[in-house]
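Listed here are the chains, written in short residue letters.
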Amino acid sequence: MGASANSLIHRPILASINTQAFQHNLSRVRELAPESKIWSVIKARAYGHCFEAAFQGLASTDGFALLDIQDAVWLREHGWQGRILLLEGLFHENELDLAQKLHCDLVVHCEAQIEWLERLSLKSHTPISVFLKMNTGMNRLGLKPDAYRMGFHRLHSLGYRMHHMTHFANADQIDRQPTVDSQLELFDQTIAGLEGPTSLANSAAILWHRNALGDWVRPGIMLYGASPTGIHADIEHAHLKAVMQLQSEIIDIQELQAGDRIGYGGRYEAREDMRVGIIACGYADGYPRTAKDGTPVWISDASQSGGGVICPIVGRVSMDMLTVDLRHAPNAKIGSVAELWGERVPVDDVAQMSDTIGYELLCAVAPRVPVEIV
Ligand SMILES: *Cc1c(COP(=O)(O)O)cnc(C)c1O
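Only a predicted model underlies this, so the values are computations on that prediction, with no experimental measurement involved.

1. Remarks on the overall build of the protein chain
From N to C terminus, the protein chain includes 11 helices and 18 strands. Counting only C-alpha atoms, the protein chain reaches 75 × 45 × 35 Å along its principal axes. Here the protein chain, with 374 residues, has 53% of them falling under the buried criterion. The long-range fraction of contacts in the protein chain, counting pairs at least 24 apart against all pairs at least 6 apart in sequence, stands at 66%.

Structure, rendered in structure tokens:
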């Protein structure tokens, strides 16, 4: 995303990012984890919301966690003076100088990264904060317990400021192996007697495992108002707000007769005469092509201010357009606003109808979609 929002010169599609919703969700994290500091996770262009919006909306966070050191450069250039965590540490040894200059906190998850830091310290360094990552059963990144304790002592003895970190595989599910409890137990055993703050919880753990928060929590998806499980009902109790509204407009209306089919492949056949709205949003905007008939789209009703109705998708989503059943929206016309997801249509509801989770849809909003920060 990069183009600036101006409905007069663009296709009528827009990702509107609500910075107050960001603030609200961040304050919900503070209420749920009052003893912890917060790494706001803004990888993947802030889950598709753009860095600038996240930076504005989440300015009161304790730190930002991200992947790419170039994004840390961006944050410093825009005046962020707080902490920045590189969630996967350095990808190459030659990034060390820049990481030091930017005062980044580094995740260290493997032997090679430990060796880079050992070589650096021989030269002398301003103290770097390290989040040493333990593999407690997810088997993605991290050191197994024995290697972990050795790695800890090696870096600790060189003056690095040590923190302990792990990541949960199943904080959004019950009884799936490895469980949060089993991972937590291994983590606690391994760090016994070692000093340093801890960082454990992603959004799912913040929501459902308050015994596993640690000194620094790492919320991502909940800051954006979507669910770690991909099911909206699961987060209703948490009172989060959707931060992104993906909206467009009806650009044409077709009057179908019974038996007519719509779009590529003719997937949907009209059983009766009906009106169909053509909306300027397709898979090249990041809307999922896998969306089934029945996926909800909200259409404004010009006759009531703020009113509108949910209209189901009919027919296959194409590159630049999708089509909705207007039988329940008799007042809909060219120019009527369509919300593809946002406060009225949870992104997770669209995701569920498309066999995925809200995370994937948010991250996939295409660069061609203009962004407006409100
Ligand atoms: C992405 C990420 C998070 C955030 O996860 P959510 O499920 O979005 O809350 C936390 N920790 C690490 C290490 C991550 O990579």
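2. A few points about the packing of helix α7 (residues 145-157) against helix α8 (residues 180-191)
The contact between α7 and α8 brings their axes to 10 Å, and the two run at 40 degrees. Judged by the inter-axis angle, α7 sits oblique to α8. Crossing angle aside, the handedness with which α7 passes α8 is right-handed. Across the interface between the two elements, Pro145, Tyr148 and Arg149 from α7 touch Leu186, Gln189, Thr190 and Ile191 from α8. Taken together, the residues that form the contact of α7 with α8 break down as four nonpolar, two polar and one charged.

3. Examining the environment of His92
Within the secondary structure, His92 is located in the loop between β4 (83-86) and α5 (96-101). Exposure remark for His92: the relative accessible area of 47% places this residue in the partly exposed category. Along the chain, His92 and Gln113 lie 21 residues apart, while their C-alpha atoms are 8.5 Å from each other.

4. Considerations on the site of the ligand
The immediate surroundings of the ligand are formed by 13 residues, with Lys43, Tyr47, Ser203, Ile221 and Tyr359 found nearest. Measuring from an oxygen atom of the ligand, one finds a backbone N or O atom of Gly220 at 2.9 Å. Ile221 places a main-chain nitrogen or oxygen 2.8 Å from an oxygen atom of the ligand. Summarising the interface, the protein chains cover 92% of the accessible area of the ligand, which totals 390 Å² for the free molecule.

5. Quick notes on the packing of aromatic side chains
Following the criterion strictly, the structure yields 12 aromatic pairs and no others. Ring centres of Phe22 and Tyr224 lie 5.5 Å apart, and the angle between their planes is 75 degrees; this geometry places the pair in the edge-to-face category. Residue Phe22 is found in helix α1 (residues 19-32), and its partner Tyr224 is found in the loop between β9 (216-217) and β10 (244-256); the two are separated by 202 residues along the sequence. We note that Phe22, like Tyr224, is buried. For the ring pair Phe55 and Trp80, a centre distance of 6.3 Å and an interplane angle of 85 degrees mean the geometry is edge-to-face. Taken together, the positions of Phe55 in helix α3 (residues 51-57) and Trp80 in the loop between α4 (69-77) and β4 put the pair 25 residues apart, joining distant regions of the chain. For the pair formed by Phe55 and Trp80, the shared burial category is buried.

6. Comments concerning the layout of surface pockets
Its boundaries defined by the atoms lining it, the largest pocket holds a volume of some 490 Å³. Every residue lining the largest pocket is counted, 24 residues in all, and those nearest its centre are Lys43, Tyr47, Arg140, His167 and Asn202. Split by residue class, the lining of the largest pocket holds 14 nonpolar, four polar and six charged.

7. Observations regarding the pattern of salt bridges
In this structure the tally under the stated criterion is 15 salt bridges. Where Glu111 meets Arg154, a salt bridge forms, and the shortest distance between an N and an O atom there is 3.0 Å. Here Arg154 lies in helix α7 and Glu111 lies in helix α6 (residues 111-123), a separation of 43 residues in the sequence. Among the ionic pairs, Arg261 bridges to Glu269, the shortest N-O distance being 2.9 Å. Each of the salt bridges in this network shares a partner with another, and the network as a whole consists of Arg11, Asp285, Asp320 and Arg368.

8. Things to note about α8
Residues lying three or four places apart along an α-helix face the same way, a consequence of the helix completing one turn every 3.6 residues. The end-to-end C-alpha distance of α8, which contains 12 residues, comes to 16 Å, matching closely the 16 Å that a straight helix rising 1.5 Å per residue would cover. Among all positions of α8, only Val180, Gln183, Leu184, Phe187, Thr190 and Ile191 are buried. With its buried residues spanning 135 degrees around the axis, α8 presents them on a single face. Facing away from the buried side of α8 by over 90 degrees, the exposed positions are Glu185 and Gln189.

9. Remarks on the domain arrangement of the protein chain
Domain annotation for the protein chain reports domain 1 (19-238) and domain 2 (245-373). Put simply, the middle of domain 1 and the middle of domain 2, counted by C-alpha atoms, are 36 Å apart. Residue-level contacts link 19 residues of domain 1 with 13 residues of domain 2. Roughly 1200 Å² is buried in total at the junction of domain 1 and domain 2, and carbon and sulfur atoms are behind 66% of that figure. Where domain 1 touches domain 2, the interface holds zero salt bridges. For the pair domain 1 and domain 2, the number of links is three residue pairs in polar contact (both at pLDDT 80 or more). Secondary-structure elements contributing two or more residues to the side of domain 1 that touches domain 2 are α2 (43-48) and α3.

Calculation notes
Residues numbered from 1 in each chain as written. Predicted model: local features only at pLDDT ≥ 70, side-chain atom pairs only at ≥ 80, totals over all residues. Heavy atoms only, no water. Helix = DSSP H or I, 4+ residues; strand = E, 2+ residues; numbered from the N terminus. Buried < 20%, exposed > 50% of the residue type's maximum accessible area, 1.4 Å probe, protein only. Contact = heavy atoms within 4.5 Å. Axes fitted to C-alpha atoms, helices over the stretch in contact; angles between N-to-C directions. Parallel < 35°, antiparallel > 145°, perpendicular 65-115°, else oblique. Left-handed = near helix turned anticlockwise from the far one by under 90°. Nonpolar A, V, L, I, M, F, W, Y, C, P; charged D, E, K, R; others polar. Near = heavy atom within 4 Å. Polar contact = N/O pair within 3.5 Å; in protein donor to acceptor, adjacent residues only side chain to side chain. Areas by Shrake-Rupley, 256 points an atom, 1.4 Å probe, with all protein chains shown as cover. Phe/Tyr/Trp six-rings, centres within 6.5 Å; stacked < 30°, edge-to-face > 60°. 1 Å grid on protein atoms, 1.4 Å probe; cavity = no way out; pocket = protein on both sides within 12 Å on 5 of 7 lines; lining within 4 Å. Points joined across faces, edges and corners; volume = space filled by probe spheres on them. Salt bridge = Lys/Arg side-chain N within 4 Å of Asp/Glu carboxyl O. Expected span 1.5 Å × (residues − 1). Arc of directions from axis to C-beta. Domains from an automatic or database assignment. Buried area = accessible area lost by both parts, 1.4 Å probe.

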